[in-house]
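Topology and contacts: notes
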Amino acid sequence: MEYQMVLFKITNWVLYQLLANSCYRAAKKIANYGFLYRSSSFRSYQGTAYPSVSKCPLEGRGRQTLVCDIQWSLLRSKSFFPYFMLVAFEGGGLFRAFLLLLSSPLMWVLEIEQGLKVMTFLTFRGLSEKRMECVERAVLPKFFLENLHLQAYEVLSSAGKRVVLTSVPRVMVEGFLKEYLKVDDVIGTELQVTKGYFTGFVTDSGVLVKHKALKEFFGDTKPDIGLGGRNLHDSLFISLCKEAYVVNKEESKSAATSVMPREKYPKPLVFHDGRLAFLPTPSATLCMFLWLPLGVLLSVFRLLVGILLPYKISIIVGQFSGVRIRVKGLHNAPESDNKRGVLYVCSHRTLLDPIFLCTVLGKSVTAVTYSLSKMSELIAPIKTVRLTRDRKRDGETMQKLLNEGDLVICPEGTTCREPYLLRFSSLFAELADEIVPVAVNTHVGMFYGTTASGLKCLDPIFFLMNPSPCYSVEFLEKVPRELTCAGGMSSCEVANFIQRQLGDALGFECTNLTRRDKYLMLAGHEGLVEDKNKNPNLLRISASQV
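None of these values were measured; they are calculated from a predicted model.

1. Examining the nonpolar core
One finds L74, F80, L177 and L181 to be the most contacted residues of the largest nonpolar core, which totals 80 residues. No other element matches helix α4 (residues 81-92), which puts eight residues into this core. Within the second largest apolar cluster, 29 residues are counted, among which are F424, A429, I435 and L476.

Next up, the structure:
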């Protein structure tokens, strides 16, 4: 009897004292946060004190100074969790990203500063500075640009001097802000670094407090314009400015007034890296991790279908598994005679371009590649021939292959994810008179099937891991003989003409950018091309017509 009473008291203490009190404190903290955002007095304090960013006049700001925060002002979404997840996944791998996902429920309970420290520790602990620089340069700008607030950016760009104060780690945002938005100074939370690796902790100065940092940076001088969000922290620092404007939550959700269209990007986004094709919010990241086991199995199955089954059957089975193939203009693909093959000139989206071309044609076509991993060569269901980038030797190789049958080539020399075509190599135009341009495009929802800094042998796996990847193949009309080298055109003129044809068919913009430009920007080197006699030039920003 006494034993039962003791057990009852222990159970009562655990249920009603320990758990109940802990849950009560957590609920009270969440309720307090909700009260700050929902109470009429707090809304009145934010909403009536400062006008909306849409009311800010843009004229005559050339000599004025603007201060703002990237999180609450320049970006439409207020949560910075997705950008921590991008760094964790692309810089640290699956396990680090999974740990960060598990910590996401804590963000509802912890204070803002504590939550930021937790995300920072899980994301940066043991991450090298070099890897972080790669993610900052090649991965994050795409997602920042897609989430950029149009009206806030217009106000920012109208100012002569631009200063960003942010509580997020400076290393995550400084590169984008200075390169794309031409921000003069970025002041953010500093992280500890030991021997080139992040410790995961912030420096002794702690998480940046914006209104204190503003006073330290400007002293007694007041900035001309302050741009912030509808929250207490931003209200404190923009109150120290001569003019203050806020970004309303309703305006951030409005596509008509806040979404930045591609044509208004401050700098063309031609190249970017990383595997994730979606903004990894907590819910989207959870769906990805739940999909991964099935996605790997599905990818292997789709790969085996393409390798083992005949083309006609593989199309049916592949589409049944979720792969969408859209074909247009197949009647433009001529039958080659016994003397010489047809040269198919394709836009380059993934390593699978020649394989999908062969699948659509229903016959095997030899493909020439500039660089391909040994694994990809082994599992390729078609014949692949590696080029050396020696013009004379490559020309002789392609001539021999054309004499044996049809040939497919991607003259861009590397893949591009965005709606741009890179400069076409003119070598192919000197070798063939029967040229058929093929406009190839892909659509993915979860993973990109290309990489500049990762393992290229996994590119087909990642593409086929998408729930419903799409390949579009459009055969254009054969290039008239008078527009080939046999008709008196130069090889460069033929290459530029075909590039423009493919650009018009795809709705892409033609550029002068090359493989070398891509790898210099994304990976900091020139790819697999060794050119010791030339000094690397800076990446050309303009996307001008060839």
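After that view of the structure, there is still more to cover.
2. Concerning the side chain of S158
Position of S158 relative to the elements: it lies in helix α9 (residues 150-158). Ignoring any residue separated from it by four or fewer positions in sequence, one finds S158 in contact with L58, R61 and G62.

3. Considerations on the packing of aromatic side chains
Within the structure shown, the criterion is met by 15 aromatic pairs. Centre to centre, the rings of F80 and Y83 are 4.9 Å apart; their planes meet at 45°, and the pair counts as tilted. For the pair formed by F80 and Y83, the shared burial category is buried. Summarising the aromatic geometry, the rings of Y83 and F144 are spaced 4.8 Å apart at their centres and angled 25° between planes, so their arrangement reads as stacked.

4. Quick notes on the sheet that holds strand β11 (residues 384-386)
In spatial order, the strands read β8-β15-β14-β9-β12-β10-β11; together these seven strands make up an open sheet with mixed pairing. Sheet topology places β8 (324-328) and β11 at the edges, where each strand pairs with a single neighbour. For this sheet, the mean inter-axis angle between neighbouring strands, taken without regard to orientation, is 25°. Taken together, the five bridges between β8 and strand β15 (residues 470-475) define a ladder with parallel strand orientation. Residue I325 lies in a different strand from β15, and its bridge partner there is Y471.

5. Notes on the pairing of strand β1 (residues 65-68)
Judged by which residues are buried, β1 turns out to be covered on both faces: T65 and V67 on one side and L66 and C68 on the other are all buried. By the bridge criterion, four bridges tie β1 to strand β2 (residues 161-169) in an arrangement that is parallel. The residue of β2 that forms the bridge with V67 is V163. In terms of strand pairing, β1 meets strand β6 (residues 225-229) through three bridges, oriented parallel. Looking at β6, one finds that L66 is bridged to I225.

Calculation rules
- Residues numbered from 1 in each chain as written.
- Predicted model: local features only at pLDDT ≥ 70, side-chain atom pairs only at ≥ 80, totals over all residues.
- Heavy atoms only, no water.
- Core = buried A, V, L, I, M, F, W, Y, C linked by side-chain atoms within 4.5 Å.
- Buried < 20%, exposed > 50% of the residue type's maximum accessible area, 1.4 Å probe, protein only.
- Helix = DSSP H or I, 4+ residues; strand = E, 2+ residues; numbered from the N terminus.
- Contact = heavy atoms within 4.5 Å.
- Phe/Tyr/Trp six-rings, centres within 6.5 Å; stacked < 30°, edge-to-face > 60°.
- Pairing = 2+ DSSP bridges.
- Axes fitted to C-alpha atoms, helices over the stretch in contact; angles between N-to-C directions.

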